[in-house]
Amino acid sequence: MDLLNTLVDKGLRRELPTREEALAVLATSDDDVLDVVAAAGKVRRQWFGRRVKLNYLVNLKSGLCPEDCSYCSQRLGSSTGILKYSWLKPDEASKAAAAGLAGGAKRVCLVASGRGPTDRDVDRVAGTIKAIKEQNEGVEVCACLGLLSDGQAERLREAGADAYNHNLNTSEGTYGDITTTHTYADRVDTVNKAHAAGLSACSGLIAGMGETDEDLVDVVFSLRELDPDSVPVNFLIPVEGTPLAKEWNLTPQRCLRILAMVRFVCPDVEVRIAGGREVHLRTMQPLALHLANSIFLGDYLTTEGQAGQADLEMIADAGFVVEGADEVTLPQHRAEVQGGGCGSHGAEGAGCGSHGAEGAGCGAHAGEGAGCGSVCGSHEGAAEAVTVPANEPRTDLVAVRRRGAGTDLAPNA
């Protein structure tokens, strides 16, 4: 297919496709999906080999958010029945992080619901970052706290944060249909603040909210312009009790085409499969590893994910390897930008490539089908087989998290 050959050539040269080419990827048929995966896989292997980076979410503060993001289970007035709790203490957060690191994660993503942090909140998170780094040598830490005020990104960097996540989520033209309590421009401003402070910027999207192909291409091209080190791709989990609970628009093939389009537009950037992979990709998850080079391990913020051991087995069975703590995530030309450790844009030494946790409510919230990085995944496995007709909503794959951070039960990692 001439289109795919052209896109591979451009990806290997780090050349931006045209909008028409990106739209054409999304318009390919299910019959061509393996050809699309194979083509985008060549670009992925050129810049990231067969490594898969593992990220682990710690939900520092769950629920109780004043924002009205339609996709989010932690939104204002939510009736989703999720865990709700205020800030974890630093030692509690560090203990939760240690579980993910023991499971193979190299990055911990600290997420808190809310519009954005107060200065006191930044101090609190700074203490948590310090505790995690003191107890886990070499760990990367990403913060996802919502909209940042002037000077807060710098303070997080000084505290030891390597990265900051804040997703654009959808196109500028449709943003007001999803959220009314803050703007698209607010989100762009926070990503720019992270860049300016020398933090490795992470910003991504949520697919499946009823958007058009043009909307998806718009947001991915906007992300390319912002130049984050990592782009998390969330697939909406229509959680009961949220305004988007009836939006079941995705198929495994559609998800693969979206991931391929993101890889072609952002060839040398860490592309992370974030929330919803278990729900929408399902048994096609291994194919998605040929497109993305990063995933979240275990549970998400407010929902359960695939068992951590199952993630590790999936990676090995698909012929990939878990990226080691001593390996640089991003290609050398990005990792060396201004001395950044793993592709950070700024000042010397900023930690590592991308991060994770992805974007969520304004405050970063997450879990919600897309939340901060992750969101609603599926529970780990089922003792009984569930037969569901093709393209029917898989509500059986959505389970509210009742273990790990904020509970007395061991985490899934």
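Above this text you will find the structure in question.
Notes on the structure follow. Please read all numbers here as calculations on a predicted model, not as lab measurements. (Residues numbered from 1 in each chain as written. Predicted model: local features only at pLDDT ≥ 70, side-chain atom pairs only at ≥ 80, totals over all residues. Heavy atoms only, no water.)

**Concerning the overall build of the protein chain**
Rule in force here: Counting from the N terminus, the helices are the DSSP runs of H or I reaching at least four residues and the strands are the DSSP runs of E reaching at least two. A 1.4 Å probe rolled over the protein chains alone gives each residue an accessible area, and that area as a share of the maximum for its type sets the label: buried under 20%, exposed over 50%, partly exposed in between. A contact between two residues is defined here by any heavy atoms of the two lying within 4.5 Å. Shrake-Rupley sampling with a 1.4 Å probe provides the accessible areas, and residues are treated as covered by the protein chains on show and by no other component.
Helix and strand counts for the protein chain come out as 14 helices and 10 strands. Looking at the 413 residues of the protein chain, the share that counts as buried comes to 63%. Considering only contacts in the protein chain between residues 6 or more positions apart, those separated by 24 or more positions represent 77%. Surface accessibility of the protein chain: about 14400 Å² in total, with carbon and sulfur atoms responsible for 48%.

**Observations concerning the nonpolar core**
What counts here: Buried Ala, Val, Leu, Ile, Met, Phe, Trp, Tyr and Cys residues form a nonpolar core when they are joined through side-chain atoms within 4.5 Å.
In terms of nonpolar packing, the biggest core is built from 92 residues, with Val58, Leu156, Leu205, Phe235, Leu259, Met261 and Phe264 touching the most fellow members. Broken down by element, this core gets its largest block of residues, 9 residues, from helix H10 (residues 252-265). In this structure Val58 touches Leu88, Ala93, Ala96, Ala97, Val108, Cys109, Leu110 and Val111, once residues within four positions along its chain are discounted. Within the second largest apolar cluster, 10 residues are counted, among which are Val111, Cys144, Ala274 and Leu301.

**Structural notes on the layout of surface pockets**
How we decide: With a 1 Å grid spanning the protein atoms alone, the term cavity applies to any set of points in which a 1.4 Å probe fits but cannot get out, the term pocket to an open set with protein on both sides within 12 Å along at least five of seven lines, and the term lining residue to any residue with an atom within 4 Å of a point. Grid points are joined across faces, edges and corners, and a volume is the space filled by probe spheres set on the points.
Of the voids in this model, the second largest pocket is the one considered here, and its volume is about 260 Å³. In terms of lining, the second largest pocket is formed by Leu88, Glu92, Lys95, Ala96, Gly404, Ala405, Gly406, Thr407, Asp408, Leu409, Ala410 and Pro411.

**Digging into the pairing of strand S8 (residues 270-273)**
Rules: Note: two strands are recorded as paired if DSSP finds a minimum of 2 bridges between them. Look down the strands so they point away from you; if going from the first strand over the helix to the second traces a clockwise path, that crossover is right-handed.
Across the two faces of S8 the burial is the same, with Glu270 and Arg272 and Val271 and Ile273 all buried. The pairing of strand S7 (residues 230-235) with S8 spans 4 bridges and is classified as parallel. The partner of Pro232 across the bridge, within S8, is Arg272. For the handedness criterion, the β-α-β arrangement of S7, H10 and S8 is classed as right-handed. As paired elements, S8 and strand S9 (residues 294-296) share 2 bridges and run parallel to each other. The residue bridging Arg272 from the neighbouring strand is Ser294, located in S9.

**Considerations on the environment of Arg277**
Inclusion rule: By the criterion applied in these results, polar contacts are pairs of N or O atoms within 3.5 Å in which, for protein atoms, one can donate a hydrogen and the other can accept it, and in which residues neighboring in sequence qualify only through two side-chain atoms.
With respect to the helices and strands, Arg277 occurs in helix H11 (residues 277-281). Arg277 sits in the buried class, given a relative accessible area of 1%. For the pair Arg277 and Asn234, spaced 43 residues apart in the sequence, the C-alpha separation amounts to 7.7 Å. The residues contacting Arg277, other than those within four sequence positions of it, are Phe235, Arg282, Gln285, Ile295, Phe296, Tyr300, Gln306, Asp311 and Met314. A polar contact is formed between the side chain of Arg277 and the side chain of Asp311, at a distance of 3.0 Å.

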